[in-house]
Amino acid sequence: MDLTKSNARGYWHTDAHVGDLVNLTPWFSFVEDERDRASFVPVFIRLGINDSGRHVCTGLIIGDLDQSGWGPREINAATLRSVSIPELIAFALRTGEIPDAYGEAVRELLAAAPSTVTHPGRAGYQDDHYVSIAAMYRRALVESPTAPTQWLAETLHQSPPTLRRWLKEARRRGHLGPARPGQPGEGNSHD
């Protein structure tokens, strides 16, 4: 099977590093119970919020990310059939209701779920889009301190002018501090 070019089945080779894509947004992990380690395959799910406000799956990894200790496990059709995305989402939502530190961490992950709306429509993007852009820009400042807008544009597959417009609007809405002339980042309103 040739995965290096487009073919009739739709396979496509990309040079994107999976680790970079995985690290872009938070993931929920459902790992094995020690008693059932032989039959359970870890599942990692990334959540987003659709335009109606419902949590939806926006990414799914099935299998070990770290094979130390137990070695690789086979993923087959039965494994795929056993993964119930609605059940995983429901479990994450229920866990977020638990009044302890773990529940708080899950609530933070749920609150950070980005909007899956890709086109703004007539009304423009909702506020959560700009909150998400501001958070991603702050990450870009860490990943690429000298060219955060370029890093963000490449990561989000958007043009730099589009990202600059989004950042300007995020600043206008108060999600980012004011721009600092001649340098990336954000100042505070007292500068």
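Before reading further, recall that the structure is shown in the block above.
The notes below deal with the structure included here.

Cut-offs used in this document
Residues numbered from 1 in each chain as written. Predicted model: local features only at pLDDT ≥ 70, side-chain atom pairs only at ≥ 80, totals over all residues. Heavy atoms only, no water. Helix = DSSP H or I, 4+ residues; strand = E, 2+ residues; numbered from the N terminus. Buried < 20%, exposed > 50% of the residue type's maximum accessible area, 1.4 Å probe, protein only. Contact = heavy atoms within 4.5 Å. Areas by Shrake-Rupley, 256 points an atom, 1.4 Å probe, with all protein chains shown as cover. Pairing = 2+ DSSP bridges. Axes fitted to C-alpha atoms, helices over the stretch in contact; angles between N-to-C directions. Arc of directions from axis to C-beta. 1 Å grid on protein atoms, 1.4 Å probe; cavity = no way out; pocket = protein on both sides within 12 Å on 5 of 7 lines; lining within 4 Å. Points joined across faces, edges and corners; volume = space filled by probe spheres on them. Nonpolar A, V, L, I, M, F, W, Y, C, P; charged D, E, K, R; others polar. Parallel < 35°, antiparallel > 145°, perpendicular 65-115°, else oblique. Salt bridge = Lys/Arg side-chain N within 4 Å of Asp/Glu carboxyl O.

Some points on the overall build of the protein
And then number 1: Tallying secondary structure elements over the protein gives seven helices and three strands in all.
And then number 2: In the protein, the order of α-helices and β-strands from amino to carboxyl end is α-β-β-β-α-α-α-α-α-α.
And then number 3: Taking all 191 residues of the protein together, 31% fall into the buried category.
And then number 4: Contacts spanning at least 24 positions in sequence make up 40% of the contacts within the protein whose residues lie at least 6 apart.
And then number 5: Accessible surface computed for the protein: about 12900 Å², of which carbon and sulfur atoms make up 55%.

Digging into the sheet that holds strand β1 (residues 28-30)
Whether parallel or antiparallel, the strands of a sheet pair through hydrogen bonds between backbone atoms.
And then number 1: The strand order across the open sheet formed by three strands is β1-β2-β3, and the pairing between neighbours is antiparallel. Unpaired on one side and paired on the other, β1 and β3 (55-62) mark the two borders of the sheet. Strand-to-strand twist in this sheet, taken as the mean axis angle between neighbours without regard to direction, amounts to 30°.
And then number 2: Relative to β3, strand β2 (residues 43-49) runs antiparallel, the two sharing seven bridges. The residue bridging I49 from the neighbouring strand is H55, located in β3.

A few points about helix α3 (residues 85-95)
Three- or four-residue spacings in an α-helix give side chains the same orientation, since the helix completes a turn every 3.6 residues.
And then number 1: Within α3, burial applies to L88, I89, A92 and T95. For α3, the angular spread of the buried residues around the axis is 130°, confining them to a single face. Residues P86 and E87 are exposed on α3 and point more than 90 degrees away from its buried face.

Section: empty space enclosed by the protein
It is the rolling of a water-molecule-sized probe over the atoms that shows where space remains empty.
And then number 1: Summed over all chains, the structure comprises one cavity of 30 Å³ or more.
And then number 2: Counted as a void, the largest cavity has a volume near 40 Å³.
And then number 3: Lining the largest cavity are P26, F28, L47, L109 and A113.
And then number 4: Here the lining of the largest cavity is built from residues that sort into five nonpolar, no polar and no charged.

Remarks on the packing of helix α5 (residues 127-143) against helix α7 (residues 160-172)
And then number 1: Where α5 meets α7, the closest approach of the two axes is 9 Å, and the angle between their N-to-C directions is 105°. In terms of orientation, α5 lies roughly perpendicular with respect to α7. Of α7, the residues touching α5 (which contributes H129, Y130, I133 and Y137) are W166, L167, E169, A170 and R171.
And then number 2: Each residue belonging to the contact of α5 with α7 can be placed in one class, and the counts come to six nonpolar, one polar and two charged.

A look at the pattern of salt bridges
And then number 1: Inspection of every chain in the model, using the stated rule, returns five salt bridges.
And then number 2: Salt-bridge contacts for R173 lead to D127; the nearest nitrogen and oxygen are separated by 3.2 Å. Of the two residues, R173 is situated in the segment after α7 and D127 in helix α5; the sequence distance between them amounts to 46 residues.
And then number 3: Judged by relative accessible area, which is 31%, R173 ranks as partly exposed.
And then number 4: With its nearest N and O atoms 2.7 Å apart, the salt bridge here joins R173 to E169.
And then number 5: On the accessibility criterion, E169 (18% relative accessible area) is buried.
And then number 6: Through salt bridges with shared partners, a single ionic network connects D127, E169, R172 and R173.

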